[in-house]
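Breakdown of the fold
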Amino acid sequence: MSTAVATRRLTTAKAMVEAIDQEMAANEKVFVMGEDVGAYGGIFSSTTGLLDKYGNKRVLDTPISETAFIGMGIGAAVEGMRPIVELMFVDFFGVCMDQIYNHMAKIHYESGGNVRVPMVLMSAVGGGYSDGAQHSQCLWGTFAHLPGMKVVVPATPYDAKGLMTAAIRSDDPVVYLFHKGVMGLPWMKKNRRSVGPVPEEPYEIPLGKANVVREGGDVTIVTLSLGVHHSLDVADKLADDGIDVEVIDLRTVVPLDRDTIAESVAKTRRLVVVDEDYQSFGLSGEIVASVIERNPNALNAFERVCVPDVPIPYARELEYAVLPTPARIEAAVRRVARA
């Protein structure tokens, strides 16, 4: 990596915007729309500055009518445009799921492969900010469960740009979910890894390829999004106690990089899945099942650190009791390390 690249540091939010900006400059078919994406720049700074550069014909503020503007995005994609549509909070998917799953995800299949839907649906996810039960979920497991959509979840500024570029260029519908806690916004809880080196030139990160962000030989942690940051902190702490933790950042849920997970578990034989989504019927169970299906004797021990099957509480103490905090992750790793 050159010195210029190594010293150029962006927040995750700015890295996302740069990817969108570069793709809009390169392809006039790319445009953005959603609630407060224009003059406000997105409430999590996901579109800051784009209106000034491209005008209100390519950066469209919409009414609070998710079914309408997501449907409009689908129609534009079918007609050859490449829309990036922001659903302000992923929790709002309930009012527009018909458009997302019965149209965006299925049109390619229902047309016998003749019609593409090259569309990015991006949305904010995650808890930890006392936003309550309808503004704090992750739900990537919900979208992953429904076939027809790729599901992308960046954890770092570098990945946020490369994954967004790949998502915009994809001919398939992509759900791009960014956690508020990794965006590097000054008015949210500080996260030291939410600012990092980002190359200025456009680049893609292949969808479906996980990243081993820390190598280790004792325990494998498989995680994504803010869970990557928490898991790296835990791994650094446990290294002082002689526990060598490998951390895998999934980057994408669909496609899921089962090979990288299996290779790591073959080495460590101990697995902890950290997932800020609900535990039952979700990603954590899928990961464990995929390991055991390949080799029923692959694991000496495993644990899941997820959100229990309850709505996300508003009260701070209760909210942090259900989130996959570093303390919960550390306890799980210590338990499996003894197996």
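Everything below is about the structure printed above this text.
Before going into details, it helps to say that this report is about the structure given with it. What you see is a predicted model, and the numbers here were worked out from it, not measured in a lab.

1. Let's talk about the overall build of the protein chain
The number of helices and strands found in the protein chain is 13 helices and 14 strands. Rg of the C-alpha trace for the protein chain: 20 Å, near the compact-globule value of 20 Å for 339 residues, within the 12% margin. Structurally, the protein chain occupies a C-alpha span of about 60 × 45 × 40 Å along its principal axes. Counting over 339 residues, the protein chain shows a buried share of 57%. Within the protein chain, residue pairs in contact and separated by at least 24 positions form 82% of the contacts whose partners lie at least 6 positions apart. Surface summary for the protein chain: the accessible area is close to 14100 Å², and the carbon and sulfur share equals 52%. One finds the centroid of the 33 positive side-chain charges in the protein chain at a distance of 4 Å from the centroid of its 43 negative side-chain charges.

2. What about the sheet that holds strand E10 (residues 219–223)?
Ordered in space as E9-E11-E10-E13-E14, the five strands form an open sheet in which the pairing is mixed. Here the strands that pair on one side only, and so sit at the sheet edges, are strand E9 (211–214) and strand E14 (301–307). Mean inter-strand twist for the sheet, computed between neighbouring axes without regard to direction, equals 25°. As paired strands, E10 and strand E11 (residues 245–249) are joined by five bridges and run parallel to one another. By the bridge assignment for E11, Thr 223 is matched with Asp 249.

3. Comments concerning the layout of surface pockets
Roughly 190 Å³ of internal volume is contained in the second largest pocket. As for the second largest pocket, its lining consists of Gly 141, Ala 144, His 145, Val 253, Val 254, Leu 256, Arg 258, Phe 281, Gly 282, Leu 283 and Glu 286. Among the secondary structure elements, those contributing two or more residues to the lining of the second largest pocket are helix H7 (140–145), strand E12 (252–254) and helix H11 (283–294). Per-element accounting of the lining of the second largest pocket gives the leading share, three residues, to H7. In the lining of the second largest pocket, the residues fall into six nonpolar, three polar and two charged.

4. Some details on the pattern of salt bridges
Per the counting criterion, the structure on display carries 23 salt bridges. Its salt-bridge partner being Asp 171, residue Arg 82 comes within 2.4 Å of it at the nearest N-O pair. Taken as a pair, Arg 82 in strand E4 (residues 82–89) and Asp 171 in the loop between helix H8 (157–169) and strand E7 (174–179) lie far apart in primary sequence, 89 residues in all. Accessibility expressed as a relative area gives 36% for Asp 171, which makes it partly exposed. Measuring nitrogen to oxygen at the nearest pair gives 3.6 Å for the salt bridge that ties Asp 236 to Arg 214. In this pair, Asp 236 is assigned in helix H9 (residues 226–239) and Arg 214 in strand E9, connecting sequence segments 22 residues apart.

5. Thoughts on the nonpolar core
In terms of nonpolar packing, the biggest core is built from 49 residues, with Ile 70, Ile 100, Met 104, Trp 140, Phe 143, Met 149 and Leu 271 touching the most fellow members. The element that contributes the greatest number of residues to this core is helix H4 (residues 66–78), accounting for five residues. In this structure, Ala 15, Met 24, Val 32 and Leu 50 belong to the second largest nonpolar core, which totals 39 residues.

6. Thoughts on helix H5 (residues 97–104)
For H5, the set of buried residues is Met 97, Gln 99, Ile 100, Tyr 101 and Met 104. Buried residues belonging to H5 abut H4, helix H6 (107–110), strand E5 (120–125), H7 and E7.

7. Some thoughts on empty space enclosed by the protein
Empty space among the atoms becomes apparent when a probe as large as a water molecule is rolled across them. Tallied over the entire structure, the rule returns two cavities of 30 Å³ or more. Of the voids in this model, the largest cavity is the one considered here, and its volume is about 50 Å³. Counting residues per element, the lining of the largest cavity draws most heavily on strand E13 (residues 270–278), which supplies three residues. Residue composition of the lining of the largest cavity, by class: five nonpolar, three polar and two charged. For the second largest cavity, the calculated volume is near 30 Å³. Lining the second largest cavity are Leu 224, Leu 226, Gly 227, His 230, Asp 275, Glu 276 and Pro 324. If you list the elements that add at least two residues to the lining of the second largest cavity, you get H9 and E13. At three residues, the largest contribution of residues to the lining of the second largest cavity is made by H9.

8. With respect to the sheet that holds strand E2 (residues 30–34)
Pairing is mixed in the open sheet, where seven strands are placed in the order E3-E2-E4-E5-E7-E6-E12. In this open sheet, the two strands that pair with only one neighbour each are strand E3 (59–61) and E12. Taken pair by pair, the neighbouring strands of this sheet meet at an average axis angle of 20°, ignoring direction. Sheet analysis places strand E6 (residues 150–152) next to E7, joined by three bridges and oriented parallel. In the sheet register, Val 151 faces E7, and the bridge partner there is Val 175. Against the sheet, H8 engages E2, E4, E5, E6, E7 and E12, with an angle of about 160° to E7.

Criteria and cut-off values
- Residues numbered from 1 in each chain as written.
- Predicted model: local features only at pLDDT ≥ 70, side-chain atom pairs only at ≥ 80, totals over all residues.
- Heavy atoms only, no water.
- Helix = DSSP H or I, 4+ residues; strand = E, 2+ residues; numbered from the N terminus.
- Rg over C-alpha atoms; globule rule 2.2 N^0.38 Å.
- Buried < 20%, exposed > 50% of the residue type's maximum accessible area, 1.4 Å probe, protein only.
- Contact = heavy atoms within 4.5 Å.
- Areas by Shrake-Rupley, 256 points an atom, 1.4 Å probe, with all protein chains shown as cover.
- Lys, Arg positive; Asp, Glu negative; His and termini not counted.
- Charge placed at Lys NZ, Arg CZ, Asp CG, Glu CD.
- Pairing = 2+ DSSP bridges.
- Axes fitted to C-alpha atoms, helices over the stretch in contact; angles between N-to-C directions.
- 1 Å grid on protein atoms, 1.4 Å probe; cavity = no way out; pocket = protein on both sides within 12 Å on 5 of 7 lines; lining within 4 Å.
- Points joined across faces, edges and corners; volume = space filled by probe spheres on them.
- Nonpolar A, V, L, I, M, F, W, Y, C, P; charged D, E, K, R; others polar.
- Salt bridge = Lys/Arg side-chain N within 4 Å of Asp/Glu carboxyl O.
- Core = buried A, V, L, I, M, F, W, Y, C linked by side-chain atoms within 4.5 Å.

These values are about where atoms sit, not about what they do.
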